[in-house]
2 protein chains.
Amino acid sequence: MSPFTPTDRTRVKRRPQRAVYDRAQVYSILDEGYVCHVGFVVEGRPVVIPTAYGRAGDQIYIHGSAASRMLRSLAEGIDVCVTVTLVDGVVLGRSAFHTSMNYRSVVIFGNARLVTEREEKLEALRSFTNHVIPGRWEEVRQPTDQELAATTALALPLEEVSAKVRTGGPIDDEEDYAFPVWAGVVAVRAVTGEVTPDGHVLPGIPVFDAARLKRFAR
Amino acid sequence: MSPFTPTDRTRVKRRPQRAVYDRAQVYSILDEGYVCHVGFVVEGRPVVIPTAYGRAGDQIYIHGSAASRMLRSLAEGIDVCVTVTLVDGVVLGRSAFHTSMNYRSVVIFGNARLVTEREEKLEALRSFTNHVIPGRWEEVRQPTDQELAATTALALPLEEVSAKVRTGGPIDDEEDYAFPVWAGVVAVRAVTGEVTPDGHVLPGIPVFDAARLKRFAR
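Residues numbered from 1 in each chain as written. Chains lettered and ligands numbered in written order. Predicted model: local features only at pLDDT ≥ 70, side-chain atom pairs only at ≥ 80, totals over all residues.

**With respect to the overall build of chain A**
Check the secondary structure of chain A and you find four helices and ten strands. Along its sequence from the N terminus, chain A presents helices and strands in the succession β-α-β-β-β-β-α-β-β-α-α-β-β-β. Its C-alpha atoms give chain A principal-axis dimensions of about 65 × 50 × 35 Å. Looking at the 218 residues of chain A, the share that counts as buried comes to 39%. (Helix = DSSP H or I, 4+ residues; strand = E, 2+ residues; numbered from the N terminus. Buried ≥ 20, exposed ≤ 12 C-beta atoms within 10 Å, placed from the backbone.)

Set out below in structure tokens:
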């Protein structure tokens, strides 16, 4: 896969040593995230809405919960910035200044396109569903025409994209090593907890295996 | 605490039953989050950057990693939208359409102010540090003048704010209860993992107690 070409907007200026333009690494971050933050401009002012997404090859589909607000004022070619962030650890330096976090984030710029064709809407819904729960699309009841009409999805090409990654321990000043406080990293991660059936699961249906949620399988 | 008054921007239109304007509940979401997504407009186009933040009473301080980009073009009164999202569960309905997530999110609109006074910069740094690691500010080496000069922080009043919360199981269509697939909720949460010292921890310093990271203590 070819790496992303930095543009004026995606060239990382602050701490450029953390920049990642490698497509495989960017996609692995996108595939591990489960919420994106969609930014767009309404009457000259910024709006940032969290929503579900899914990746299909070299584009992502963004769920319409964000689109509804955008679509009131904009019909097509919506200028968006979509950001996905994973936090991997808390970094405890010996100074306040070197307190930090380990993270992986992806920033995507582009013009989102409203998905209107039936087949592509199905693909978008499949993408959202299987992004969070691999294989779920294939086992649930498929969308009706009415549901498809009520679904809004945007497609955004993965062209103008960058990632930023921080890993490792604190980068303390040499002279702070004498300061008597613990320093290092506390890893953090998302895990699954209780699995709670609703009140209508049919007899004989096995309990859902939470290990299928690959986001949490690390 | 007085609730937030909905404005044109913060009145939740989509699924208004999920709207929360209660100040205590909004603050509890902000206090539990550990990364915010800051949206701003550069040359008419949206930019969304993840960064650290802290709350101090009725305002939040946003870390300068986002500010640096904004500050290239804007000196003061920066129009921002700051969003914090916590994911609490994956909601498995019996249809693709009713696949969902449980979440809590806060959206803040306003004009961010660059923090310039020494005392307030210290307060902002204290706020970032203790937001992630309660009590850490009091045990680490305090900032030097040089570090303060290198720190950029923005202050944003908590005035135009709303939250949106989804809880509970899937809301399936009655006729789908006969569909033979498991349905319910898989809770997800962030937890701490390995605690890894850097190579310079002094003898006799106790290992950091990860339970202090209250974000992960649920």
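More follows now that the structure is in view.
**Considerations on the pairing of strand 2 (residues 36-42) of chain B**
Residues and elements named next belong to chain B. In terms of residue burial, strand 2 counts as a mostly covered element, since six of its seven residues are buried. With seven bridges joining them, strand 2 and strand 3 (residues 45-51) adopt antiparallel strand pairing. Pairing of Cys36 across the sheet is with Thr51, part of strand 3. Taking the residues between adjacent antiparallel strands as the criterion, strand 2 and strand 3 are bridged by two residues, where Glu43 takes a positive phi near 50°. (Pairing = 2+ DSSP bridges.)

**Digging into the environment of Tyr103 of chain B**
All names here are of chain B. Topologically, Tyr103 is positioned in strand 7 (residues 100-114). In this structure, the C-alpha to C-alpha distance between Tyr103 and Pro170, residues 67 residues apart in sequence, is 13 Å. Sequence-distant contacts of Tyr103, defined by excluding residues within four places in its chain, comprise Thr85, Leu86, Val87, Asp88 and Arg166. (Contact = placed C-beta atoms within 7 Å.)

**Notes on the relation of the copies chain B and chain A**
Overlaying chain B on chain A yields an RMSD of 0.0 Å, the required transformation being a rotation through 180° with an accompanying axial translation of 0.0 Å. Look at the turn and shift together and you get a two-fold axis relating the two. The C-alpha atom lying nearest the rotation axis in chain B is that of Ala190 of chain B; the distance is 2.1 Å. Mapped onto chain A, 100% of the interface residues of chain B are again interface residues, and the two copies thus contact each other with one and the same surface. (Least-squares fit on C-alpha atoms with pLDDT ≥ 70 in both.)

**Section: the interface of chain B and chain A**
On the chain A side, the residues contacting the 79 residues of chain B number 79 residues. Among the secondary structure elements, those contributing two or more residues to the side of chain B that touches chain A are strand 2, strand 3, helix 2 (64-73), strand 6 (78-92), strand 7, helix 3 (118-132) and strand 10 (184-197) of chain B. The element contributing the most residues to the side of chain B that touches chain A is strand 10 of chain B, with 14 residues. The pairing of strand 10 (residues 184-197) of chain A with strand 10 of chain B spans eleven bridges and is classified as antiparallel. Each residue of the ladder has a partner; that of Arg189 of chain A, found in strand 10 of chain B, is Val191 of chain B.

**Notes on the confidence of the model for chain A**
Of all residues in chain A, 94% have pLDDT values of 70 or greater, and the mean over the chain is 91. Complex prediction metrics read pTM 0.94 and ipTM 0.94. (pLDDT = per-residue confidence, 0-100.)

**Topic: helix 3 (residues 118-132) of chain A**
Taking 1.5 Å as the rise per residue, helix 3 of chain A with 15 residues should run 21 Å; its terminal C-alpha atoms sit 22 Å apart, in good agreement. Within helix 3 of chain A the residues assigned to the buried category are Lys121, Ala124, Leu125, Ser127, Phe128, Thr129, His131 and Val132 of chain A. Those residues of helix 3 of chain A that are buried lie in contact with strand 4 (53-56), strand 5 (59-63), helix 4 (145-150) and strand 8 (153-157) of chain A together with strand 6 of chain B. (Expected span 1.5 Å × (residues − 1).)

**So, unusual backbone geometry**
Across residues other than glycine, the phi torsion is negative in most instances, and most of the peptide bonds are trans. Backbone geometry places Glu43 of chain A, a non-glycine residue, at a positive phi of 50°. Residue Glu43 of chain A is classed as exposed on the basis of its 8 C-beta neighbours within 10 Å.

**Section: the environment of Lys121 of chain B**
Residues and elements named next belong to chain B. Note that Lys121 resides in helix 3. With 98 residues separating them along the chain, Lys121 and Arg23 place their C-alpha atoms 25 Å apart. Excluding residues within four positions of it along the chain, Lys121 makes contact with Val115, Leu148, Thr151 and Ala153.

**A closer look at the environment of Phe216 of chain B**
Turning to its location among the elements, Phe216 of chain B is positioned in the segment after strand 10. As a C-alpha pair, Phe216 of chain B and Val191 of chain B span 25 residues in sequence and 4.9 Å in three-dimensional space. Residues within four places of Phe216 of chain B in sequence aside, it is in contact with Val188 of chain A together with Ala190, Val191 and Thr192 of chain B.

**Re the pairing of strand 7 of chain B**
Residue and element names in this part refer to chain B. Taken together, the 13 bridges between strand 6 and strand 7 define a ladder with antiparallel strand orientation. Across the sheet, residue Cys81 finds its bridge partner in strand 7, namely Phe109. As judged from the seven bridges shared by strand 7 and strand 9 (residues 160-166), these two strands associate in the antiparallel manner. From the neighbouring strand, Val106 faces strand 9, where its bridge partner is Ala163. Bridging between strand 7 and strand 8 (residues 153-157) involves two bridges; their strand directions are antiparallel. The residue of strand 8 that forms the bridge with Leu114 is Leu154.

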